[in-house]
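Working through the structure, step by step
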Amino acid sequence: MPHALIVEDDTDSAQALAALVQAEGFHTAIAHSLAEARHQIVFRAPDVVMLDLQLPDGSGIDLLRELSADDHGEVVLITGHASLETSIEALRLGAVDYLVKPVSGRQIQGILSRLRPAGERRTQAEQITREVDTSGRFGQLWGRAPLMRALFDQLARVAGTGVSVFISGESGTGKELVAQTVHELSPRAPHPFVAVNCGAISPQLIESEIFGHEKGSFTGATRQHHGHFERAHGGT
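Criteria and cut-off values
Residues numbered from 1 in each chain as written. Predicted model: local features only at pLDDT ≥ 70, side-chain atom pairs only at ≥ 80, totals over all residues. Heavy atoms only, no water. Buried < 20%, exposed > 50% of the residue type's maximum accessible area, 1.4 Å probe, protein only. Helix = DSSP H or I, 4+ residues; strand = E, 2+ residues; numbered from the N terminus. Pairing = 2+ DSSP bridges. pLDDT = per-residue confidence, 0-100. Salt bridge = Lys/Arg side-chain N within 4 Å of Asp/Glu carboxyl O. Axes fitted to C-alpha atoms, helices over the stretch in contact; angles between N-to-C directions. Contact = heavy atoms within 4.5 Å.

**As for the pairing of strand S3 (residues 48–52)**
Of all the five residues making up S3, five are buried; the element is thus mostly covered by neighbouring parts of the structure. Where strand S1 (residues 3–7) and S3 come together, four bridges link them in parallel fashion. Bridge pairing in S3 places Val7 opposite Leu51. Relative to strand S6 (residues 74–79), S3 runs parallel, the two being bridged by five bridges. Across the sheet, the residue bridging to Met50 is Val76, located in S6.

Put into structure tokens, the structure is as follows:
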């Protein structure tokens, strides 16, 4: 059974969160401080850490930095005091998600369903690194130059998270290849990747193309049409 560590100083919140995680098939342990969390991690390495940002003996970011360095499971940062700075720092350090209190069971279910065991993540990372070293290939991308390796590092960080990713660049620089690479390296990889050129869809048809429609829902709708969101269900 996978193991989850709940790091939360409020007793009621910790127990409620533990109950939500247990409902998803995880064994749970609770720590009310950074010191307790470090002791629990030594006792049993967690597959996932649900980490509060503000704790009595320091910031959850400090523990996240330690866990990121040692590859001790996935980390989900949870806070009642969200800010852009802490969310960016959390994702930069490898947190798979960043939740704002109160947290719902649906959010927890969605996050835990995406998580992969640490051993599986390490194996995939090693395979990707070897492929870049030998052939220069990283997903749908190619290159060994320092700038490309920096890009690969960024993509590897975000691919395992549940955050939305905005990719910008001039025409022809490979934005769609970057998006497809993120998809292939993410837990969504078994599901469809659907690329949509919104500029090529007329304003009159974009709602139908994106969301689909039922037969007979408007004049000319002679059959059911599955929209892009439905076709990409579970994927990207």
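After that view, the rundown keeps rolling.
**Overview of the confidence of the model for the protein chain**
The predicted coordinates of low-pLDDT regions are not to be read in fine detail. Within the protein chain, residue pLDDT values average 85, and 94% of them lie at 70 or more. By mean pLDDT, helix H6 (residues 118–135) is the weakest element of the protein chain at 71, and strand S2 (residues 27–31) is the strongest at 94.

**Observations concerning the pattern of salt bridges**
Scanning the entire structure with this criterion turns up seven salt bridges. Residues Arg38 and Glu66 are paired through a salt bridge, measuring 2.7 Å at the closest nitrogen-oxygen approach. Remark: Glu66 occurs in helix H3 (residues 60–70) and Arg38 occurs in helix H2 (residues 34–43); sequence separation between them is 28 residues. The class of Arg38 is partly exposed, set by a relative accessible area of 32%. Ionic contacts of the salt-bridge type, sharing partners, join the residues Glu8, Asp52 and Lys101 into one network.

**Re the sheet that holds S1**
What the five strands build is an open sheet, ordered S2-S1-S3-S6-S7; its pairing is parallel. With partners counted over all chains shown, the strands left at the sheet margins are S2 and strand S7 (97–100), one partner each. Mean inter-strand twist for the sheet, computed between neighbouring axes without regard to direction, equals 20°. Across the sheet, H2 is in contact with S1 and S2; its angle to S2 comes to roughly 145°.

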